[in-house]
Each structure stands twice: as structure tokens, then as C-alpha cells.
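Overview (structure and organization)
Okay, here's what each chain looks like letter by letter:
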Amino acid sequence: MDPILVAYKSDPVRGAVWHDVFRTEAPDMKLVDWDPAGEAASAPYLVAWTPPENLAAAMPKVEAFFCIGAGIDHLPIAAFPPGMDVVRMVDPDLTASMVEYVVMAVLALHRDLPFYVEDARAGRWQARPLRRAADRRVGILGLGVMGQAVAAGLQAFGFPVRGWSASRKSLAGVECFAGGEEREAFLAGTDSLVCLLPLTEATRGILNADLFAQLPKGAALVNVGRGGHLVEADLLAALETGQMSGAVLDVLAAEPPAADDPLLRHPEVWITPHIASATHPAGAARQVIRGIRALRSGQKAENTVDRSRAY
Ligand code: NDP
Ligand code: OXD
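As a convention, each chain's residues are numbered from 1 in the sequence order in which they are written. Throughout, the order in which chains and ligands are written sets their labels, letters from A for the former and numbers from 1 for the latter. A pLDDT threshold of at least 70 governs which residues receive local features in this predicted model, and a stricter bar of 80 or more applies before side-chain atom pairs are shown or counted, although totals over entire chains, interfaces and linings include all residues. The side-chain quantities take in all heavy atoms of the structure and omit both hydrogens and water.

**Quick word on the pairing of strand 3 (residues 45–48)**
Each regular strand displays side chains that alternate between the two surfaces of the sheet. Relative accessibility decides the category of a residue: with a 1.4 Å probe and only protein chains considered, values under 20% of the type maximum give buried, values over 50% give exposed, and everything between is partly exposed. Helix numbers and strand numbers start at the N terminus; a helix is a DSSP run of H or I with at least 4 residues, a strand a run of E with at least 2. Alternating positions in strand 3 separate into two faces, Y45 and V47 on one and L46 and A48 on the other, with burial throughout. A pair of strands is labelled paired if DSSP reports no fewer than 2 bridges between them. Inspection of the sheet shows strand 1 (residues 4–9) paired to strand 3 by four bridges, in the parallel sense. In the strand pairing of strand 3, Y8 is matched with V47.

**Some details on the environment of V174**
By the secondary structure assignment, V174 is in strand 8 (residues 174–178). A residue is classified by how much of its surface remains accessible, and V174, at 11% relative accessible area, is buried. In what follows, a contact means two residues having at least one pair of non-hydrogen atoms within 4.5 Å. Discounting chain neighbours no more than four positions away, the residues touching V174 are A151, Q155, V161, R162 and G163.

**Here we look at the site of ligand 2**
Looking at ligand 2, the residues that line it are G69, A70, G71, R226 and H274. One of the backbone nitrogen or oxygen atoms of A70 is found 2.7 Å away from an oxygen atom of ligand 2. Separating an oxygen atom of ligand 2 from a side-chain N or O atom of H274 is a distance of 2.6 Å. When ligand 2 sits alone it has 210 Å² of accessible area, and the protein chains cover 82% of it. We call Asp, Glu, Lys and Arg charged. Ala, Val, Leu, Ile, Met, Phe, Trp, Tyr, Cys and Pro are nonpolar, and the rest, Gly among them, are polar. Tallied by class, residues from the shell around ligand 2 come to one nonpolar, three polar and one charged. If a single non-hydrogen atom of a residue is within 4 Å of a molecule or strand, that residue counts as near it. N or O atoms closer than or at 3.5 Å make up a polar contact, with two conditions inside protein: a donor-capable atom paired with an acceptor-capable one, and, for residues adjacent in sequence, both atoms drawn from side chains. Exposure was quantified through the Shrake-Rupley algorithm and a 1.4 Å probe, taking into account, for residues, occlusion by the shown protein chains and nothing else.

**A word on the site of ligand 1**
Around ligand 1 lies a shell of 29 residues, among which R88, M146, S167, K169 and Y311 are the nearest. Here L143 contributes a backbone N or O atom positioned 3.0 Å from an oxygen atom of ligand 1. At a separation of 2.6 Å, an oxygen atom of ligand 1 approaches a polar side-chain atom of K169. For ligand 1, the accessible surface in isolation is 940 Å², of which the surrounding protein chains cover 91%. Secondary structure elements with two or more residues in the shell around ligand 1: helix 5 (145–155) and strand 7 (161–165). Broken down by class, the residue content of the shell around ligand 1 amounts to 15 nonpolar, nine polar and five charged.

**Describing the pattern of salt bridges**
What counts as a salt bridge is simple: a side-chain nitrogen of Lys or Arg found within 4 Å of a carboxyl oxygen of Asp or Glu. Taken as a whole, this structure holds 15 salt bridges when the rule is applied. Of the charged contacts in the structure, one is a salt bridge between E175 and R162, with a shortest N-O distance of 3.2 Å. One end of the pair, E175, is in strand 8; the other, R162, is in strand 7, and 13 residues separate them in sequence. For R204, the salt bridge goes to E201, with nearest N and O atoms at 3.9 Å.

**Overview of the sheet that holds strand 4 (residues 64–67)**
Across the sheet, five strands lie side by side as 2-1-3-4-5; this open sheet has parallel pairing. Either end of the sheet is taken by a strand with one partner, and the two such strands are strand 2 (29–33) and strand 5 (85–87). Across the sheet, the axes of successive neighbouring strands diverge by a mean angle of 20°, strand direction being ignored. Two elements, strand 3 and strand 4, share four bridges in a ladder whose sense is parallel. In the strand pairing of strand 4, L46 is matched with F65. Across the sheet, helix 1 (residues 12–25) touches strand 1, strand 2 and strand 3, and the angle it forms with strand 2 is around 165°. Its contacts with the sheet put helix 9 (residues 281–296) on strand 1, strand 2, strand 3, strand 4 and strand 5, and the angle it makes with strand 4 is roughly 160°. Where helices are involved, their axes are fitted lines through C-alpha atoms of the stretch in contact, as for all axes, and angles between N-to-C directions lie from 0 to 180°.

Encoded structure:
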């Protein structure tokens, strides 16, 4: 029987791991690197972060697109072939890396690290009052796969955790808020805000002056969602007035940012180059193999996206 063709269009270094996993764990499948003029173009399955332009024409037999990341906001979903499944990445290692990053960021802001780093560089030796974790309420925008895992990670340090999502959740020890009508109450009791929303038309620009004004004075922000969630000028203004006390931003509107982006050298802002988490290739390859097997047996692949919801 002919092998099941799977096209791979992504980083070649990580690709070596993908090839290894497919070779050893899916001998009935053939992973082929993307080549618009080669056999990849006739594959029914595509693994990529960005698909080729005009996917329907580039891969006329494509049935399912496996996105290598968790977020799918960069995809031209409306222009995709109508019946094609879109599957996003959900992987324990991807989630674990996100938990590490957010816990690190919330703790760094909680323990005033940005100030101590600045102080040390300026030769200052001065202690700030110590606040108990129990007295710092952390609010998570987005209680999906990542948000729920992050909530558990933060609870372990004794932070009171609350979260906000579109549909109501019930999570042990987490105060859950849902929908636009409960957003204000959620924000009013949040001292450190973590954004783990997907970027959609409903969430674009959500981290803006209006939202910052609804947080208690001196609140802190951790944005690991997307740069498009944050109105950067509004954050700068809120830092200036003291409404916000600091921020850790892993994602920015422009990546990389312009060399003169005022956020880059702001003493109260820490920036990282979109590394909060990343897909780990071996686990990701196994998820795709499981997904293809499910599709071949007439089931849905796990983590198939509801295309009408766009996340
Ligand atoms: P999920 O889809 O599992 O969770 C998204 C959550 O956001 C859900 O709880 C959902 O609510 C909620 N939500 C969506 N829209 C709204 C809205 N309009 N109002 C209120 N709540 C809303 O996603 P993940 O947890 O897997 O990932 C979240 C995001 O994290 C990704 O989309 C990506 O942008 C980002 N990410 C960033 C990385 C980085 O390295 N910086 C790495 C990986 C992901 P409901 O549950 O009711 O649907
Ligand atoms: C993702 C990311 O969405 O890395 O997976 O941002």
C-alpha cells in the first residue's frame, strides 16, 4: 500500500526530529519536506506554522492542516478550502513551558525584580516592602488549556487566583468569571493580570486604557497572548501615571520591535522575544500522527479548531 503522504513546511532543524518520529513510529506514513513542485503538493495532510499561499491551489488534495502552534490567529482561515480541518497544537510540554514562564513573570513582578535589577545597575541598595503572595490576587484572561494550567501553577505559590473566559468554568480554588458582564468585577479584584487569550476580533486591543483603569492602582501585567491584545501607548501612559506598576511582555505588536520602541528600554518593563513557550517537536509529531490516525478511522483529530470561532 502507498504510504500516507504528510507535507512538512517548517524549520528544517526541528524537522529532523519530526522525520525521526515519523520514521520510527509511523512507518505507514511518509513525511516529506515542502516543495511546491514535489510530491508534498499532492499530500492530504499539511504540518506548518504558515501554509503556502493559496492553499487550495497549492495542495489540491489537502484534507487537514495541522498548525505547529497553539495560536491560529495568523492563519487566513476564511480563505482555506471549506471542508478542510484545522488542528492546533496542544501538548503537555508546550503547556509546561508556558506555566514556567508565567510563574516566573508573576513572581518577578511580585518580588519587584525589575526595580532591583535597575537599582543594582545604578549602584543603589534599597529594600522595598515585602508583600505576601496571599495578598496579591492574580487574574488570568483566558481559562483555556494554558490558562487553567497557569492557574494551578500560581496557586501552588499561594496566590489567590481568578480567571475570565467566554463560557463559565468551574475550577477548584479559582474564582471564575465569564463574559462581558462579569469583566469589570474580575478586573476590580486583580492585582497582577495575565493575558492568555487567543487573538480574535473580540479580543484585539483588549489590554487598553479602559481596561487598565478598571484594575486596582499599581497593578502589573504579563502578556503572553499576542502583541495585538495590547495597546502599547496605553500601557506606557498607565505606567507613567502609576496606574500600572510594571509589565512583562513576551509578545509585541511588531516582532521584532523597532529599535527605538520605548517599551524596550522602559525601566518597569521586561521584554522577551516570544519565547514563553514553543512547540517541542517530538511531542508535536506524535500529536499529528494521532490526529491523522483518528481522521483515517473517520473520527475528528483532537484539538480540531471550530473555524467559525477562530480559536
Ligand atoms: P484555548 O483556546 O485553550 O483557550 C482560550 C481561552 O480564552 C478560553 O478559555 C476562551 O474561553 C477564552 N476566550 C476566547 N475568546 C474570549 C473572549 N472574547 N472573551 C473571554 N474569553 C475568551 O487557548 P490556549 O490556552 O491553548 O492558548 C491561548 C493563547 O496563548 C493562544 O491563542 C496563543 O495566542 C497564546 N500562546 C502564546 C505562546 C507564547 O509563546 N507567547 C505560546 C502558546 C500560546 P472559552 O473557554 O469559554 O472558549
Ligand atoms: C503558539 C506560539 O501559539 O508559540 O504556539 O505563540
